[in-house]
Every structure is written in C-alpha cells, then in structure tokens.
Amino acid sequence: NLVRYRMLDASCLITLVKKLNFDLQWPLQRILPLMTRNTADVLRFDNKGTIAVGKDADLLLLDAETLDINYVFAMGSMLKGPGYIKKGMFEE
C-alpha cells in the first residue's frame, strides 16, 4: 500500500553529492554525471547535462572545500551569487 507520496526538495541532491564525496569518498567525476548527464539523457533533455557549444549553459559553481553552492547560472544568466538571488517574474 502506498503510504506517502512526496516530491524531494532540490537541496536533497547537493546533500547526496556531499555524502557520496565526503562520507563514501566517491570522486566528483563519478558523482556529478549521476545528477547531470545521466539525468538529462533519461529525460531526453538534449540541451542539458553537459557543457558544450549550443547547450543551455546551466552551471553550478561549488566551493572546493565544502561543496556549498556559490553560484547558479541557467540559460547563461546568473541566478544566484554571493549576496544576490534573482527574483522570479512574480516577485518584487
């Protein structure tokens, strides 16, 4: 019987990346494709998942020591940086 149905918060993904890297000692080269290229391939998002000419230019820049997210770029525009978060179209 289905007991509960919920959607994961996106912050769960960075928590998983940190756990795999720091606790299980997986290298980032093994972890990141699970969240990027493999996911884009399964969902058939041709313009996502890799960094290449003609792709959407969605990037996260992580702190090298903590893997905290410092910057977020989507479709080539900065959405988050130190002291800055771009507001949505319905926000003031």
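Up top is the structure.
Residues numbered from 1 in each chain as written. Predicted model: local features only at pLDDT ≥ 70, side-chain atom pairs only at ≥ 80, totals over all residues. Heavy atoms only, no water.

**Some details on unusual backbone geometry**
- The backbone of L67 shows a phi angle near 65°, a positive value even though the residue is not glycine.
- Relative to the assigned elements, L67 resides in the loop between strand 1 (59–62) and strand 2 (69–74).
- By relative accessible area, L67 is classed as buried at 3%.
- Even without being glycine, M75 reaches a positive phi, approximately 50°.
- Here M75 lies in the loop between strand 2 and strand 3 (77–81).
- Taking relative accessible area as the criterion, M75 reaches 57% and is therefore assigned exposed. (Helix = DSSP H or I, 4+ residues; strand = E, 2+ residues; numbered from the N terminus. Buried < 20%, exposed > 50% of the residue type's maximum accessible area, 1.4 Å probe, protein only.)

**Quick look at helix 1 (residues 11–23)**
- Taking 1.5 Å as the rise per residue, helix 1 with 13 residues should run 18 Å; its terminal C-alpha atoms sit 18 Å apart, in good agreement.
- Taken as a whole, helix 1 has its buried residues at I14, V17, L20 and N21. What you see down the axis of helix 1 is that its buried residues fit within an arc of 125°, all on one side. Opposite the buried face of helix 1, at more than 90 degrees from it, the exposed residues are T15 and D23.
- Tucked into the core, helix 1 has its buried residues touching helix 2 (28–35), strand 1 and strand 2.
- Phi for Q25, located one or two positions after helix 1, is positive at around 60°. (Expected span 1.5 Å × (residues − 1). Arc of directions from axis to C-beta. Contact = heavy atoms within 4.5 Å.)

**Details of the nonpolar core**
- I14, V17, L20, I31 and L67 form the largest nonpolar core, which has five residues in total.
- Among the elements that make up this core, the one with the highest residue count is helix 1 (three residues).
- When sequence neighbours within four positions are dropped, the list of residues in contact with L20 reads Q25, W26 and I31. (Core = buried A, V, L, I, M, F, W, Y, C linked by side-chain atoms within 4.5 Å.)

**A closer look at the packing of aromatic side chains**
- Taken as a whole and judged by the stated rule, the model has one aromatic pair.
- Cation over ring: R30 sits above W26, and NZ or CZ is 3.7 Å from the ring centre. (Phe/Tyr/Trp six-rings, centres within 6.5 Å; stacked < 30°, edge-to-face > 60°. Lys NZ or Arg CZ within 6 Å of the ring centre and 35° of its normal.)

**What to know about the pairing of strand 1**
- Taken together, the four bridges between strand 1 and strand 2 define a ladder with antiparallel strand orientation. From the neighbouring strand, L60 faces strand 2, where its bridge partner is V72.
- Turn length for the strand 1-strand 2 hairpin, with the two strands adjacent in sequence and antiparallel, is six residues, and the turn residue L67 shows positive phi of about 65°. (Pairing = 2+ DSSP bridges.)

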